[in-house]
Amino acid sequence: MAFSKPNARQNRIDLNHLGASGDIAVLAVDGFDAGDLTDIAGSAERAGYRTVMISPKKGLITGRPQGGDEMNFVVDAQPGEKTASAFTGLVLPAGAASIERLRNDQDARLLIADFLRAGAPVCALGEAVALLAEIAETTDPKSDAVLALKGDLFAADGDDARADARSLFIKAMSMTAEAA
């Protein structure tokens, strides 16, 4: 009897349904961890969400996955052009240089605060955790990833923290959409 090997391929992204579940804002500036973005965008797009790049910088921003080559991303909007209500959730990818620039940008801070006030899901990774905690006016959980739901921060730590936060972020957006 022959056994078939399970297929490890992920579900394909259905371009006809991309954005059908909503838009996810990704707030970043040059120097962000592109690996965080590609990981979460892939999961989100498979669930029907579209990622929208938000940055204080116009045009293109650059990111780099750990140990990888620099990647360019087209900026779709600047903070202040759209509010949290235009999106289903917010992603803050890691990257010390990016996070420091966002920390010093008033419009970026106001956009993050708008998501927290709205109770929308926010996923902060790496260095972005400290910025999210600062804007939420809570103590920094010193973790690898944080998921904010209804303004409360839930920290994840350990080897699978980012993957767990990514998965829970997608589930939280789906549950939020169903409840609305």
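See the structure printed just above.
These numbers come from a predicted model, not from an experiment.

Chemist: Got a sec to walk through the overall build of the chain? Specific residues and values, please.
Modeler: Each helix and strand in the chain was counted, giving five helices and eight strands. Secondary structure of the chain in N-to-C order comes out as β-α-β-β-β-β-α-α-β-α-β-β-α. Residue burial in the chain is summarised as follows: out of 180 residues, 45% are buried. By sequence separation, contacts in the chain at least 24 residues apart represent 66% of the contacts at least 6 residues apart.

Chemist: Describe the nonpolar core, with residues and values.
Modeler: One finds Leu27, Ile54, Leu90, Leu92, Ile112, Phe115 and Leu132 to be the most contacted residues of the largest nonpolar core, which totals 28 residues. Looking at which element gives the most residues to this core, the answer is helix α3 (residues 106–118), with six residues. Not counting residues up to four positions away in its chain, the partners in contact with Ile112 are Leu27, Leu90, Leu92, Leu131, Leu132 and Ile135. If you look at the next biggest cluster of nonpolar residues, it comprises 25 residues, including Ile24, Ile61, Val75 and Leu125.

Chemist: Give a detailed account of unusual backbone geometry, specifying residues and quantitative values.
Modeler: A positive phi angle, near 50°, is found at Lys142, a position not held by glycine. When you line up the elements, Lys142 lands in the loop between α4 (128–136) and β7 (145–149).

Chemist: With reference to specific residues and values, describe the packing of aromatic side chains.
Modeler: Tallied over the full model, the rule gives two aromatic pairs. Judged by centre distance (5.3 Å) and plane angle (55°), the rings of Phe32 and Phe73 are tilted. Linking Phe32 in the loop between β1 (22–27) and α1 (34–46) with Phe73 in strand β4 (residues 71–74), this pair joins segments that are 41 residues apart in sequence.

Chemist: With reference to specific residues and values, describe the sheet that holds β7.
Modeler: Ordered by their spatial adjacency, six strands build an open sheet running β2-β1-β5-β6-β7-β8, and the pairing between neighbours is mixed. Whereas interior strands pair on both sides, the edge strands pair on one side only; in this sheet they are β2 (49–54) and β8 (152–156). Geometrically, the sheet is characterised by an average inter-axis angle of 20° between neighbouring strands, direction not taken into account. Of the strand pairs in this sheet, strand β6 (residues 122–125) and β7 are connected by four bridges, and their pairing is antiparallel. Its bridge partner being in β7, Leu125 is matched across the sheet by Ala145.

Chemist: So what's going on with the pattern of salt bridges? Which residues, and what values?
Modeler: Scanning all chains against the criterion turns up eleven salt bridges. When the shortest N-O distance is used, the salt bridge between Asp30 and Lys57 registers 2.7 Å. One end of the pair, Asp30, is in the loop between β1 and α1; the other, Lys57, is in the loop between β2 and β3 (60–63), with 27 residues separating them in the sequence. Note on Lys57: relative accessible area 34%, which makes it partly exposed. Across the salt bridge formed by Arg103 and Glu100, the nearest N and O atoms sit 3.2 Å from each other. Pair noted here: Arg103 and Glu100 are both in helix α2 (residues 96–103), with a separation of three residues, about one helical turn. Via salt bridges that share partners, Glu100, Arg103, Arg109 and Glu134 belong to a single interconnected network.

Chemist: Quick rundown of the packing of α3 against α4? Include the residues and the values.
Modeler: Their axes nearest at 10 Å, the elements α3 and α4 cross at an angle of 70°. Our classification of the angle between α3 and α4 gives roughly perpendicular. Residue-level contacts link Arg109, Ile112, Ala113 and Leu116 of α3 to Leu131, Leu132, Glu134, Ile135 and Ala136 of α4. A class-by-class count of the residues in the contact of α3 with α4 yields seven nonpolar, no polar and two charged.

Chemist: Please give an account of the pairing of β8 that cites residues and values.
Modeler: Sheet topology places β7 next to β8; five bridges connect them, and they run antiparallel. Of the residues in β8, the one forming a bridge with Leu147 is Phe154. Hairpin connection of β7 to β8: two residues between the antiparallel strands, including Lys150 at a positive phi of 50°.

What counts and what doesn't
Residues numbered from 1 in each chain as written. Predicted model: local features only at pLDDT ≥ 70, side-chain atom pairs only at ≥ 80, totals over all residues. Heavy atoms only, no water. Helix = DSSP H or I, 4+ residues; strand = E, 2+ residues; numbered from the N terminus. Buried < 20%, exposed > 50% of the residue type's maximum accessible area, 1.4 Å probe, protein only. Contact = heavy atoms within 4.5 Å. Core = buried A, V, L, I, M, F, W, Y, C linked by side-chain atoms within 4.5 Å. Phe/Tyr/Trp six-rings, centres within 6.5 Å; stacked < 30°, edge-to-face > 60°. Pairing = 2+ DSSP bridges. Axes fitted to C-alpha atoms, helices over the stretch in contact; angles between N-to-C directions. Salt bridge = Lys/Arg side-chain N within 4 Å of Asp/Glu carboxyl O. Parallel < 35°, antiparallel > 145°, perpendicular 65-115°, else oblique. Nonpolar A, V, L, I, M, F, W, Y, C, P; charged D, E, K, R; others polar.

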